[in-house]
Amino acid sequence: MDLFQAKNVVKEFSNHLALNKVSISVPENTIFGLLGPNGAGKTTLIRIINQITAPDSGELFYEGRKMTSNDTHSIGYLPEERGLYKKMKVGEQALYLAQLKGMSKHDALKKLKYWFEKFEMTEWWNKKVEELSKGMQQKVQFVTTILHEPKLLIFDEPFSGFDPINANLLKNEILELKRKGSTIIFSTHNMSSVEELCDHISLINKSEVILEGQIYDIKKNYRTNVYELSYLGNPEKLQSGLGASYEVLTNISENHVNFASIKTQTEDADNRLLKELIPLVNIVSFNELIPSMNDVFIRVVEETNKKNSKA
Amino acid sequence: MHKIILIIQREYLTRVRKKSFLIMTVLGPVLFAAFMVLPAWFATMEDTEVRTIAVVDSTNIFYKVLPETQYIKFDYPEGTSLKELQDNFEFSGYSAILFIPHNILASNTTILYSSKQPSMTVTMHIKNAIEKEIENEKLKANNIENLDKILESIKTNINLRSITWSEDGKEKESNTGLAMGIGYGSGMLIYFFIFLFGSQVMRGVIEEKTNRIVEVIVSSVKPFQLMMGKIIGVGLVGLTQFVLWILLTVVFIGGVQKVLFPELSKTPTEQVFSQEIMNSQQLDTSALPFAEPEPQILEEIFASLGDVNFILILGMFLFFFIGGYLLYASFFAIIGSAVDNEADTQQFMLPVTLPLIIAIFVMINTINNPEGSLAFWFSMIPLTSPVVMMVRIPFHPAAWEIALSAAILILTFIGSTWMAGKIYRTGILMYGKKASYKELWKWLRYKN
């Protein structure tokens, strides 16, 4: 079931269309990557999900029914541009933000105690935010985002500003949240973290969704049917021994091992190719060259940009 | 509703807990009193430089009769002509030369020579002294017996106390000076309050915007709630400060009154009668007319303080105080939402501060002419009415005028708050763009 759905959302600002009939579906208990180049309309869409702005037209659904402003209580939002009241004390501020999300003071204090202990932040409680380092402030903000145990979490570039250790801590925490049942919308330009974390993605470019689906399917769709092979034996024999339905793209030898990349004309040809290779050479390794999300991102965005400029 | 209370709470507590709040609470009345009193004090401050003026008297009437003060002395150099004095003026040590021509009784003219423009105090003193002396001379020419004694006994200083009575026959002492003082004081207070706390709203909005926390907050509450919470929270801080100021002042005045004038329990008429009896006794013994007028004035002010309709004035003051604040705070919220930092606020500040400054100018005119048409119209225009109407209230304007002015103010601030809410919710999410008036207009018309 989809936790959140946007249907044909249109948002226009004074002189440009920020979202043009955008539809996304975020399945429950998944990590959903919201991707796109700068200025594509991601922030506008996130603000619409958070009910900060309303769409000009289109519909929003939450848990299968129309979304209302009360649903913001079950959303946690970590914006890309982090911010806290600098002069306010950490504990007081965390409590305030939790209460604004509809938590009672008692519950909020209990949860805060748990998280502050878990993240070893207890002694910051009475410090002013401006006395903390940037990384510490990020941690405080992360805790205030997830404190009310929202069903839907929206993280906009959550890893920026974290050192590798804290970034890893955060990544594990995100995975833990998913394991506990949360749904997470994850917006980032860091494609390796998309591959690592996301189940589904939507790619927005120039106010429109240009690609969506499960990561596994997308990668499958964008594969190029190229296989990488390292082997021992005669490179020429490989070249001549393969049939006409295979194209050897590269074939080089290095430190007594040979490397070749071979393109097949049909999909799912790995076993057939292997069968043909076994009599010819001594196989050291064999794998399909799968495009990274980075490659997919660049390829799809550039393709649509070209199409648009032609039109 | 629960959330807006949380916001008000935060805005209020963070400000009230600041050290600057405590300092302002204590220093406020002092600073305000200083602001009201100092200009007047400076204006009346006496020149402490001793000036000696050489008198060249062609009539010989004025020889050694011109009264001297602590700082104005007269010297009557004998046997020197005006020409000589003028030639040696630079080294003479005189600050001016007073030349009295022999035909002064006919021409009514006398001349004061000096190298620098003489001060008002000096010229007024000389003018009065000569006038008085000539008047005496003219009287003497009539050969009246015992002239000196008569002149002495006709010296009078009338103290006009105006007492009004209400329908139930209660007497009230009214005091125009006091009404002016209350009007001026409350007008100035409102002016300061609007500036002080209005700009706090603006700074608060800018702070949230530059900290970027606003995006987190508006994902929990509506922008309008955030804006109203801030405006109300800051307003309550102002009211708290104001109430503390009043309490401090009342304690102070109460103390002064108890110590200096314990006999204020008499009605005004009783007081006047008792004075009349005293005065007639004084006349019999042909003693000095009642002297020491200064404690008299003070006593009068304290007496009429008790009779000013404080409930009405305080009620109206609170109304215009809050109404004016709400109106201007919504403008300040717009400015805050339209800029990224305080330096950019300049271009928007002028249209907001200009009406307030105009209000102060009109206020000065209103004090002298509280029923004039200038006073009337500016007490209807909502941008100036909080200051101008407040100045008129101690002079008892017609009830319908107060009601109309109040109604216009309420309608305007509802409108301005609505408008501010629309601009604000767009403005707070716009970064790095310097807004123009055209842009603000566009934001106002956005649907959401």
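Residues numbered from 1 in each chain as written. Chains lettered and ligands numbered in written order. Predicted model: local features only at pLDDT ≥ 70, side-chain atom pairs only at ≥ 80, totals over all residues.

(A) Molecular detail of the overall build of chain A. For chain A, the count of helices and strands is 10 helices and 14 strands. Over its C-alpha atoms chain A spans a radius of gyration of 25 Å, topping by over 25% the 19 Å that the globule rule assigns to 311 residues. Scored against the burial criterion, the 311 residues of chain A give a buried share of 35%. (Helix = DSSP H or I, 4+ residues; strand = E, 2+ residues; numbered from the N terminus. Rg over C-alpha atoms; globule rule 2.2 N^0.38 Å. Buried ≥ 20, exposed ≤ 12 C-beta atoms within 10 Å, placed from the backbone.)

(B) Looking closely at the overall build of chain B. A count of helical and extended segments in chain B gives 18 helices and 6 strands. Evaluated residue by residue, chain B yields a buried proportion of 29% over its 448 residues.

(C) Broad picture of helix H10 (residues 293-310) of chain A. Residues and elements named next belong to chain A. Relative to the 26 Å expected for 18 residues at 1.5 Å per residue, H10 spans 26 Å between its end C-alpha atoms, a close match to the ideal helical length. Along H10, the positions that sit buried rather than exposed are Met293, Val296, Phe297 and Val301. Down the axis of H10, the buried set is contained in an arc of 115°. They therefore lie on one face. The exposed residues of H10 that point more than 90 degrees off its buried face are Glu302, Lys306, Ser309 and Lys310. Buried residues along H10 sit in contact with strand S3 (31-35), helix H6 (191-197), strand S9 (200-205) and helix H7 (215-221). (Expected span 1.5 Å × (residues − 1). Arc of directions from axis to C-beta. Contact = placed C-beta atoms within 7 Å.)

(D) Seen up close, the packing of helix H2 (residues 90-100) of chain A against helix H4 (residues 134-146) of chain A. Residue and element names in this part refer to chain A. In the contact formed by H2 and H4, the axes pass within 9 Å of each other and the chain directions differ by 30°. By the angle between their directions, the pair H2 and H4 is classed as roughly parallel. Taken as a pair, H2 and H4 cross one another with a handedness that is right-handed. Seen from H2, the contacting residues are Val90, Ala94, Leu97 and Ala98; seen from H4, they are Val140, Val143 and Thr144. (Axes fitted to C-alpha atoms, helices over the stretch in contact; angles between N-to-C directions. Parallel < 35°, antiparallel > 145°, perpendicular 65-115°, else oblique. Left-handed = near helix turned anticlockwise from the far one by under 90°.)

(E) Representation of the interface of chain B and chain A. Counting residues at the interface gives 18 residues for chain B, matched by 21 residues for chain A. Looking at the side of chain B that touches chain A, the elements with two or more residues in it are helix H1 (2-16) and helix H9 (213-218) of chain B. It is H9(B) that contributes the most residues to the side of chain B that touches chain A, 5 residues altogether. Counted by class, the side of chain B that touches chain A contains 7 nonpolar, 5 polar and 6 charged residues. (Nonpolar A, V, L, I, M, F, W, Y, C, P; charged D, E, K, R; others polar.)

(F) How the structure looks around the sheet that holds strand S1 (residues 51-57) of chain B. Residues and elements named next belong to chain B. Pairing in this open sheet of 4 strands is mixed, and the strands run S2-S1-S3-S4 from one edge to the other. The open sheet terminates on both sides in strands that have one partner only, identified here as strand S2 (72-75) and strand S4 (111-113). Across the sheet, the mean angle from the axis of one strand to that of its neighbour is 30°, orientation sign disregarded. Strand direction decides the pairing type here: S1 and S2, joined by 4 bridges, are parallel. Within S2, the residue paired with Thr52 across the bridge is Lys73. (Pairing = 2+ DSSP bridges.)

(G) Main features of the nonpolar core. Judged by nonpolar contacts, the single largest core of 122 residues is most densely connected at Ile154(A) and Ala333(B). Considering every element that reaches this core, the biggest residue donor is helix H13 (residues 310-338) of chain B, with 15 residues. Those residues in contact with Ile154(A) that lie beyond four places of it in its chain are Ile46(A), Ile49(A), Asn50(A), Ile75(A), Gly76(A), Tyr77(A), Leu78(A) and Ile185(A). If you look at the next biggest cluster of nonpolar residues, it comprises 16 residues, including Val55(B), Phe62(B), Phe74(B) and Ala96(B). (Core = buried A, V, L, I, M, F, W, Y, C linked by C-beta atoms within 7 Å.)

(H) Looking closely at the sheet that holds strand S7 (residues 152-156) of chain A. All names here are of chain A. Judged by pairing direction, the sheet is mixed, and its 6 strands sit side by side in the order S6-S7-S8-S3-S9-S10 without closing on themselves. Two strands close off the open sheet at either side, each with one partner strand: strand S6 (75-78) and strand S10 (208-214). On average, each strand axis in the sheet is tilted by 15° relative to the strand beside it, whichever way the strands run. Of the pairings in the sheet, the one linking S6 to S7 comprises 4 bridges and is parallel in character.

(I) Molecular detail of the pairing of strand S4 (residues 57-62) of chain A. All names here are of chain A. Here strand S1 (residues 2-13) pairs with S4 via 5 bridges, running antiparallel. Opposite Lys7, over in S4, you have Glu59 as the bridge partner. Pairing analysis gives 2 bridges linking S4 to strand S5 (residues 65-66), with the strands arranged antiparallel. Bridge assignment links Phe61 to a residue of S5, and that residue is Lys66. Following S4, the chain reverses through 2 residues before pairing antiparallel with S5; Glu63 in that reversal takes a positive phi of roughly 50°.

(J) The environment of Lys138(B), seen in detail. Structurally, Lys138(B) is set in helix H6 (residues 120-140). Under the C-beta neighbour-count criterion, Lys138(B) is labelled exposed, with 10 such atoms within 10 Å.

(K) Examining unusual backbone geometry more closely. Phi at Asn255(A) takes a positive value of approximately 45°, unusual for a residue other than glycine. Residue placement: Asn255(A) occurs in the loop between strand S12 (246-254) and strand S13 (257-264). Phi angles above zero are rare outside glycine, and Lys64(B) is one such case at about 55°. Within the element layout of this structure, Lys64(B) appears in the loop between S1 and S2.

(L) Main features of the environment of Ser416(B). All names here are of chain B. Looking at where Ser416 falls in the secondary structure, it is placed in helix H17 (residues 399-427). With 88 residues separating them in the primary sequence, Ser416 and Tyr328 have C-alpha atoms 8.6 Å apart. Beyond its immediate stretch of four places on either side in the chain, Ser416 contacts Leu327, Ser330 and Phe331.

(M) Spotlight on helix H16 (residues 385-392) of chain B. All names here are of chain B. Of all 8 residues in H16, 8 are buried, a share of seventy percent or more. When we look at burial in H16, the residues that qualify are Ser385, Pro386, Val387, Val388, Met389, Met390, Val391 and Arg392. Where the residues of H16 are buried, they touch helix H8 (176-211), H13, helix H14 (346-368), helix H15 (373-378) and H17.

(N) Representation of the environment of Tyr71(B) in the model. Among the secondary structure elements, Tyr71(B) is positioned in the loop between S1 and S2. Separated by 349 residues in sequence, Tyr71(B) and Ala420(B) have C-alpha atoms that sit 60 Å apart.

(O) Representation of the packing of H13(B) against H14(B). Residue and element names in this part refer to chain B. Contact pair H13 / H14: the axes reach a minimum separation of 10 Å and the direction vectors enclose 175°. Accordingly, the angle class assigned to the pair H13 and H14 is roughly antiparallel. Facing H13, whose interface residues are Tyr328, Phe331, Phe332, Ile335 and Ala338, H14 presents Phe348, Met349 and Val352. Along the lines of polarity and charge, the residues of the contact of H13 with H14 split into 8 nonpolar, no polar and no charged.

(P) Up close: the confidence of the model for chain B. All names here are of chain B. Scored by pLDDT, chain B has a mean of 80; 80% of the residues are at 70 or more. When mean pLDDT is taken per element in chain B, H1 scores highest with 92 and helix H11 (residues 268-284) scores lowest with 50. Taken as a whole, residues 280-293 scores under 50 in pLDDT and shows 8 contacts with residues more than four places along the chain or in a different chain. (pLDDT = per-residue confidence, 0-100.)

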